[in-house]
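Residue-level structure breakdown
Take a look at the letters that make up each chain.
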Amino acid sequence: MIELTEKNNTPVRMHFNYLAGNTFMTSIEQIKAARESALSLTQNGAPQATSNQFFGVGPITDMTLNEVDARQLRFEFDAWIEENYPKLDDKGNRIGSFTTAEIGRGMHRGYPADKVLNDMMREIHRYFGFPKSNSMAVGLGGGHSGFTAAALHLMTANDPSQIVFVDTPKPESAEGKAGGFFRQSWGTQLTELQRYATNGDESRIIFAEGEGAIPSASFLLEKGVKLFFGVGHETTGATTYTEQEIRNLLEWVDANPEEHHAVIDATSLLGAMPWAQELVDGVLAKCNMFMPFQKAIGGISGYFIVSLTKPALARINANQKDPSWAIPRQLKIAVPRDAKAPLSSEKTTDLGPIYDAEKDQMLGGIINTFSTLAFAETTFAVLRNERMIGDVYTLNARSKANRDLVNQWIENNDLFELGVSNSDSRGAAVTLLKVTDKDITDADVHNRIIVKSKQMLGYEGITHTDGAHEKGLDVARYVNAFPGSPGDYRAWIGGIRPAQDITALLDNIQYCYLRAKNAVLEEILAEKGESFESAVSASGAADVRVDDADRAYKVLIADLVGMVFNADGEADCSEVAAYIKSQGGEFHFGSVSEAGDLEKGKVHFFYQPSLSREDELLAETGEGQYDAVIAAATFFPAESKFELGGVRIGAGTGNMGSASWGGGNGEGGVAPLMNTPSFNSRATAQAAMKALLKVLPDLQVSAMHDRVVAGDFDTGKNLAEFPTTKLEGKKLAVVGYGNIGREVAKLGAAFGMNVSVYARPAHQKWIESEGFTYAASIVEAAQGADVLSPHTGLGAFNADTGKFANSDIINADVFSAMNQGAVLVNYDRGEVVDIEALDAALASGQIRYAAIDADLFKNPETGELSGPMVPYRNIYEKHVGKMELLPHAAADTEHVSRVEGAKQAVDQILSVIKYRKVVNLKGDLPAGYTDGGAKTVNGVGKVNSSSVANLSDEQIKQLADSATQLAAFWGAINATQDADKRAALVAEYTEMMVLNSNIYGTLLAQNGLQGPFGN
């Protein structure tokens, strides 16, 4: 129901289905207001997701974050099995390992099954802090079976002095009925045992007045209680005992430790005891605790364990001498001492399915066939949790901290309250939340909202009345409260979970409740014929335009954007011009000063590829005539101004010297600096290899050609006159691991060269992952090299020295480290080589050949030459025949690369102008802009997340299938140490492995999924 307020302020409660007339209109307004409020509170979108969405599986989970993490954990478990459960021959020699497959399909007796069981019992006993004097029984079933086993063995109908206290209300009392069957089942079973036993007496059982309350020690002593059952604190109600209640219990046990036995349900207590450490230790040492370990510890099979004190074991053995009832075989923890006389011989726990911690020995086994693999999983989980979290005291402290976090969150939130009102009694393993929404007072509407909210918390999502689907967040599955419990949501919050997950859970519950409330109110409004705007926001909404429709934006294109000639013999820029038009821009030849009035609301590109000298560049750009610039090789002085940024077609940005973005590194300024890495990377790398192949292999091709043409060659006689060596096996040193450097390294490896790469240490793992050798310095990379190829770019400019950071890094020390007669291919920047050192190395023969590709500029009026090629020309006359000099042609003459790079540069400029989003940022991100990430050519440069996101479902399936086959093959080979069996596997499956390896590698290469990673 909705609470309506009429003019006299008298509250009126009316059901939605019966609203009519004037009251109807008032109610509609209130419904809309409630809906608007819910929308307003969720307008910023969903909160941070939980790292693990399973909050209904127990206080201790594996806490895997996602499907990849879970599958990796499975592989980790497989490896752990193989490490810990060896196969031994009759001499005790290790000859292999048991695998998960073998253990899963093996028997439950003998080795390794017996060891698996013993290991599990030891690690549970040890980790949770049970004293070695206490033993631990194990058997079939879950928590109720553990309770039943404890009750059948510790309670007796034949001793009138044994008074039993149960911390739950008497079954079928008013308080008991309120809890339903589940809550009454504990007391019911104890009652029935006494009721139907020959010497039973129900009056020996004392029930509590409420759930989970431990009375004072004096009360228990006064009543003569000898057996206490603590089952009223439970996961269903999210309660635990207070410290005072635990003190009461321990005081009662200590009053007569030989005869006072406490049985505690530890399902939601192990690792979630929010009490002082001495109390935790006391409970573990002095109480008998049962739990279903698939919940409390993390395994998956249905077995219980019960920790038992020595006095409890003595009580069990005494009861078996005068049994009150038959105990089902699968629950027996006391078995015949004489196996041949199962009826008449003494029953004892000495032989039962009990772990003796003092001996580290499992006494007896489980009669039922158990899942050995599940037991192993439990051991693995306990050890892993200990490694992740720490000891059990740390786990308890984290559980308490999570409980405190829930308390604090609730105190600051008016929409919820906790199901357990007493903060000291709130469980540290489970929390119970209920909604207290003042807008919703009708129970049916409330329940509808809760149901839909759980669909949002899960994966189902909500379909609104207009058909729009709101995707489920999948942040909290199975957070259902038990029927009759005071709450709407119930979730396990134990100490395994990080604190941020608890906050995320609560924030998401609130968010999903409000989204569900909105959906339900929409349904009610629709039933009344009301219309409203859909509340479902379009996912993946387009970027918001920020450009000015009353402004004409101006962009300078300062280099060629086409490298082939048209019919008029001019460099053809038509592809880029057409692309600009297709994107809504305008393409102009010449200067903006000659353009006249420009259409507003558009981006105008002005093509002036002939600009080169500083004076003409400043005349065109020094007053901020253009908003942005696209350039390739042209060097822009610091005084050139571009308010909205610049893009360099290519990787390096050393030529982009404008102070608008802080110079060539983009460090500072008001505008963003960008590049288009990877478009000319392969062209440059291939040109560098072409230069190398002219001299290595050093086959005298021209001389042989001339002799063949002249008919002056006999293959059988004259080939011996032309000895040569192949590239394969020679060492290539690559300096820099950017896009071009990596492509050169790949080409060298394709020729069989041994490739050494110098780069920053962060690149080491990626360099080595591709089969190259990492070098920590340039000299180390050059040591023993036959070829050196630098690809670092200029680096930052140092105003004090007037040099770039990478000037002269290829120096005399580098040349001296190389093999005599080595080759230098510098298709990077001319300045990176120390010219004097190169001159000396060429003169001595240390360097036999140098191929250089660097900028050269000529003053049209004076003919004066400038640029980094000039120093090489100055030494050329001394080394004719040993040098090849090109005018920075490798990266700037390939048509397709230049066109595609220019198109991307156009896109990047449009993104900056329209959305202030920067793609391929170089340097600092200026205020007011957002980082749009990186975009490169497929397969060149770094792999990023979009490389995978863009795969088709079929490609993903092919990769998954082939990877699965490869993992199966290599996992099996690794696990099989028997030489004959391994050989048999190799013979049978190698063809499959090679085929899938080829498929997998090809798919990775085709989709650009090889190389270093970087978002």
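Now for a quick tour of the structure. Here the residue index of a chain counts from 1 through its sequence in written order. Local features in a predicted model are, by the rule used here, given only for residues with pLDDT of at least 70; side-chain atom pairs are given and counted only at 80 or more, and totals for whole chains, interfaces and linings are based on all residues. Excluding hydrogens and water, the side-chain figures rest on all heavy atoms present in the structure.

Looking at the overall build of the chain
A run of H or I in DSSP becomes a helix once it reaches four residues, and a run of E becomes a strand once it reaches two; helices and strands are each numbered from the N terminus. Within the chain, the regular secondary structure consists of 31 helices and 39 strands. For this measure, only C-alpha atoms enter the radius of gyration; the expected value for a globule follows 2.2 Å times N^0.38, where N is the number of residues. Relative to the globule expectation of 31 Å for 1015 residues, the C-alpha radius of gyration of the chain, 40 Å, shows a markedly less compact shape. C-alpha extents for the chain along the principal axes are approximately 120 × 95 × 50 Å. The buried share of the chain, reckoned over its 1015 residues, is 50%. Any pair of residues with heavy atoms lying within 4.5 Å of one another is described as a contacting pair. Restricting the contact set of the chain to residue pairs at least 6 apart, pairs at least 24 apart contribute 67%. Method for areas: the Shrake-Rupley scheme with a 1.4 Å probe, in which residue coverage is limited to the protein chains shown. For the chain, the computed accessible surface area is about 45700 Å², with 51% contributed by carbon and sulfur atoms. In this scheme, a residue with accessible area under 20% of its type's maximum is buried, one over 50% is exposed, and one in between is partly exposed, where area comes from a 1.4 Å probe on protein chains only.

Details of unusual backbone geometry
Note that the residue after Tyr111, namely Pro112, is joined by a cis bond; omega there is 10 degrees. Structurally, Pro112 can be placed in the loop between helix H3 (100-105) and helix H4 (113-127). Here the residue pair Leu696 and Pro697 is connected by a cis peptide bond, since its omega of -5 degrees sits within 30 degrees of zero. Locating Pro697 in the fold gives a position in the loop between helix H19 (681-693) and helix H20 (701-709). Of note, Tyr478 is a non-glycine position whose phi angle comes to about 50 degrees, a positive value. Looking at the secondary structure, you find Tyr478 in the loop between strand E19 (469-470) and strand E20 (489-492). Of the residues examined, Tyr478 reaches a relative accessible area of 49% and is grouped as partly exposed. The backbone of Arg916 sits at a positive phi, close to 55 degrees, despite the residue not being glycine.

Some details on the packing of helix H15 (residues 443-457) against helix H16 (residues 499-527)
Lines fitted to the C-alpha atoms define the axes, with helices restricted to the stretch that makes contact. Angles between their N-to-C directions range from 0 to 180 degrees. Contact geometry for H15 and H16: axes closest at 7 Å, N-to-C directions at 125 degrees. Between H15 and H16, the crossing angle belongs to the class labelled oblique. Like other packed secondary-structure pairs, H15 and H16 cross with a definite hand, here right-handed. Residues that form the contact of H15 with H16 fall into these classes: 13 nonpolar, 2 polar and 6 charged. Angular relationships are summarised with four words: roughly parallel below 35 degrees, roughly antiparallel beyond 145, roughly perpendicular across 65 to 115, and oblique for the angles in between. In this scheme the handedness of a crossing depends on how the near helix is turned from the far one: anticlockwise by less than a right angle means left-handed, clockwise means right-handed. Three classes are used, and their members are as follows: Ala, Val, Leu, Ile, Met, Phe, Trp, Tyr, Cys and Pro are nonpolar, Asp, Glu, Lys and Arg are charged, and the others, Gly among them, are polar.

Comments concerning the nonpolar core
Only buried Ala, Val, Leu, Ile, Met, Phe, Trp, Tyr and Cys residues count toward a nonpolar core, and they belong to the same one when joined by side-chain atoms within 4.5 Å. Of all hydrophobic cores here, the largest spans 63 residues; its most connected members are Met121, Trp252, Trp275 and Met289. If near-sequence neighbours (up to four positions away) are discounted, Trp252 is found in contact with Ala217, Leu220, Leu221, Val225, Lys226, Leu227, Phe228, His260, His261 and Ala262. Val406, Ile410, Leu457 and Ile462 belong to the second-largest nonpolar core, a separate cluster that totals 40 residues.

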